[in-house]
Amino acid sequence: MKIQESAENYLETIYMLSRQKPEVRSIDIVNELHYSKPSISVAMKNLRENGYIEMDKDGFITLTDAGREIATTMYERHTMLSDWLVHLGVSKETAIDDACRIEHVISAESFEAIKTHAIHGLKKGE
């Protein structure tokens, strides 16, 4: 299923925050992404309506199975690609920025090929 890049970023952010905190609220996303509260509110409403997140009566956000699948895919792509680019000699800041763009457009097939090559190259010390 293909969703908008912005939705993928929100889901990835929720996932990353949930790894750091026991509970995630909209204000945490505002603080992490530096977007306005109204923008985050609209995005959370859209994610909820599309079945990617659930929000309880206290405003705590959790990923649904569908949301978690997208979020973990984006997170894996981001971390692997940025680490690989740094390994290739790209500055950390540039690697993170580039990985953030690449993670949304690369096909699953191409990502798996790069991942396989990168893992074998790192094991060999290349």
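Above this note sits the structure.
Predicted, not measured: the structure shown is a model, and the values here were computed from it.

Draft legend 1. How the structure looks around the overall build of the protein chain. Across its full length, the protein chain holds six helices and two strands. For the protein chain, the N- to C-terminal ordering of α and β elements is α-α-α-β-β-α-α-α. Viewed in the frame of its principal axes, the protein chain has a C-alpha envelope of about 50 × 30 × 25 Å. For the protein chain, the proportion of its 126 residues judged to be buried stands at 35%. Here the protein chain contributes 15 positively and 21 negatively charged side chains, and the mean placements of these two sets differ by 3 Å.

Draft legend 2. Layout of the packing of aromatic side chains. Under the counting rule described, the total for this entry stands at two aromatic pairs. Both rings, one in Tyr10 and one in Tyr35, keep their centres 6.1 Å apart while their planes meet at 80°; by these two values the pair is edge-to-face. Placement of the pair is Tyr10 in helix 1 (residues 5-20) and Tyr35 in the loop between helix 2 (26-33) and helix 3 (37-49), with a sequence separation of 25 residues. Residue classification places Tyr10 among the buried positions, given a relative accessible area of 11%. Consider the rings of Tyr15 and Tyr75, whose centres lie 5.3 Å apart with planes at 65°: the pair is edge-to-face.

Draft legend 3. Representation of the packing of helix 2 against helix 3. The N-to-C vectors of helix 2 and helix 3 enclose an angle of 120°; their axes lie 9 Å apart at closest approach. Relative to helix 3, the element helix 2 is oriented oblique. Where helix 2 crosses over helix 3, the handedness of that crossing is right-handed. Counted together, Ser26, Ile27, Ile29 and Val30 of helix 2 and Lys37, Ile40 and Met44 of helix 3 form the full contact between these two elements. Taken together, the residues of the contact of helix 2 with helix 3 break down into five nonpolar, one polar and one charged.

Draft legend 4. Inspection of the pattern of salt bridges at higher detail. Counted under the stated rule, the structure contains five salt bridges. Across the salt bridge formed by Asp28 and Lys21, the nearest N and O atoms sit 3.2 Å from each other. According to the relative accessible area criterion, Asp28 is buried, its value standing at 11%. Taking the relative accessible area as the measure of exposure, Lys21 reaches 32% and is therefore partly exposed. For the salt bridge of Lys57 with Asp58, the shortest nitrogen-to-oxygen distance reads 3.5 Å.

Draft legend 5. Expanded view of the side chain of Thr64. If you trace the backbone, Thr64 turns up in the loop between strand 2 (61-63) and helix 4 (65-87). Contacts of Thr64, omitting those with residues within four sequence positions, involve Gly51, Tyr52, Ile53 and Glu54.

Draft legend 6. Here's a closer look at the environment of Arg77. Looking at where Arg77 falls in the secondary structure, it is placed in helix 4. Exposure remark for Arg77: the relative accessible area of 9% places this residue in the buried category. Distance in space between the C-alpha atoms of Arg77 and Ser41 is 26 Å, their sequence separation being 36 residues. When residues no more than four places from it in sequence are discounted, the contact partners of Arg77 are Glu103, Ile106, Ser107, Ala108 and Phe111.

Draft legend 7. Structural detail: the nonpolar core. Grouped together as the largest cluster of nonpolar side chains are 21 residues, with contacts concentrated most on Leu11, Ile14, Ile29, Met44, Leu47 and Ile53. At the level of elements, helix 1, helix 2, helix 3, strand 2 and helix 4 are the ones that each hand at least two residues to this core. Beyond its immediate sequence surroundings of up to four residues, Ile53 is in contact with Leu11, Ile14, Met44, Leu47, Arg48, Ile61, Thr62, Leu63 and Thr64. If you look at the next biggest cluster of nonpolar residues, it comprises seven residues, including Trp84, Ala99, Phe111 and Ala118.

Thresholds, definitions, all that
Residues numbered from 1 in each chain as written. Predicted model: local features only at pLDDT ≥ 70, side-chain atom pairs only at ≥ 80, totals over all residues. Heavy atoms only, no water. Helix = DSSP H or I, 4+ residues; strand = E, 2+ residues; numbered from the N terminus. Buried < 20%, exposed > 50% of the residue type's maximum accessible area, 1.4 Å probe, protein only. Lys, Arg positive; Asp, Glu negative; His and termini not counted. Charge placed at Lys NZ, Arg CZ, Asp CG, Glu CD. Phe/Tyr/Trp six-rings, centres within 6.5 Å; stacked < 30°, edge-to-face > 60°. Axes fitted to C-alpha atoms, helices over the stretch in contact; angles between N-to-C directions. Parallel < 35°, antiparallel > 145°, perpendicular 65-115°, else oblique. Left-handed = near helix turned anticlockwise from the far one by under 90°. Contact = heavy atoms within 4.5 Å. Nonpolar A, V, L, I, M, F, W, Y, C, P; charged D, E, K, R; others polar. Salt bridge = Lys/Arg side-chain N within 4 Å of Asp/Glu carboxyl O. Core = buried A, V, L, I, M, F, W, Y, C linked by side-chain atoms within 4.5 Å.

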